[in-house]
Amino acid sequence: MTQANQKVKEQFNHFLSKKGLKGTLQRNLILDAFLDLDRSTHIDELYLLLRGKHPTIGHATVYRALRLFAAAGVAREINRGDGLTRYEVASGGKRRDYLVCIDCGTVTEFDNSTVEQFQAEVAGSMGFSIQSLKIELRGVCNHCKAQQG
Ligand SMILES: [Zn+2]
């Protein structure tokens with residue numbers, strides 16, 4: 001367990017106690033698997049991964065857990081326009097933002113530390129503390145534009 005992952009777990013537990021919810025064993029297993037994966041995943045993939053080790057975990061439990069991670073700000077939802085909602089760890093790791101082509105579905109990640117700083121300033125000036133955010137620019141990629149002439 002890395003320090004960053006430990007922080008994510010603390011953040012999640014904090015969220016649960018604020019909501020008056022208890023951490024469950026299954027939810028912890030799901031969170032561990034999600035953090036260990038260290039990349040974006042979707043419900044079916046995470047479910048299959050978990051089921052191998054913990055046959056009692058149900059698909060709906062994984063689904064609810066991921067939604068809860070997102071609500072807690074420890075996971076980010078990524079929508080690549082292919083109808084599949086993916087999730088990735090929202091904090092601890094490096095921020096990842098996306099350019100999504102609405103024609104071919106190509107996703108390009110970009111780093112936006114300048115934008116991030118600006119957002120923090122704007123939020124701060126309005127007395128708002130950011131829990132999570134996601135940047136996804138949707139449009140048409142170079143390749144598709146060239147094909148469209
Ligand atoms: Zn494209």
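Residues numbered from 1 in each chain as written. Predicted model: local features only at pLDDT ≥ 70, side-chain atom pairs only at ≥ 80, totals over all residues. Heavy atoms only, no water.

1. Section: the sheet that holds strand E4 (residues 97-101)
Alright, step 1. One open sheet holds the three strands; their spatial order is E5-E4-E6, and the pairing between them is mixed. Each edge of the open sheet carries a strand with a single partner, namely strand E5 (107-110) and strand E6 (136-139). Each neighbouring strand pair of the sheet contributes to a mean axis angle of 20°, computed without reference to strand direction.
Alright, step 2. By the bridge criterion, four bridges tie E4 to E5 in an arrangement that is antiparallel. Bridge assignment links Leu 99 to a residue of E5, and that residue is Thr 108. (Pairing = 2+ DSSP bridges. Helix = DSSP H or I, 4+ residues; strand = E, 2+ residues; numbered from the N terminus. Axes fitted to C-alpha atoms, helices over the stretch in contact; angles between N-to-C directions.)

2. A word on the packing of helix H1 (residues 3-18) against helix H4 (residues 59-72)
Alright, step 1. Close contact between H1 and H4 brings their axes to 10 Å; oriented N to C, the two are set at 95°. In this view, H1 runs roughly perpendicular relative to H4, as classed from their interaxial angle. Contact with H1, carried on its side by Gln 11, Phe 12, Phe 15 and Leu 16, involves Leu 68, Phe 69, Ala 71 and Ala 72 of H4 and no other residues of that element.
Alright, step 2. A class-by-class count of the residues in the contact of H1 with H4 yields seven nonpolar, one polar and no charged. (Parallel < 35°, antiparallel > 145°, perpendicular 65-115°, else oblique. Contact = heavy atoms within 4.5 Å. Nonpolar A, V, L, I, M, F, W, Y, C, P; charged D, E, K, R; others polar.)

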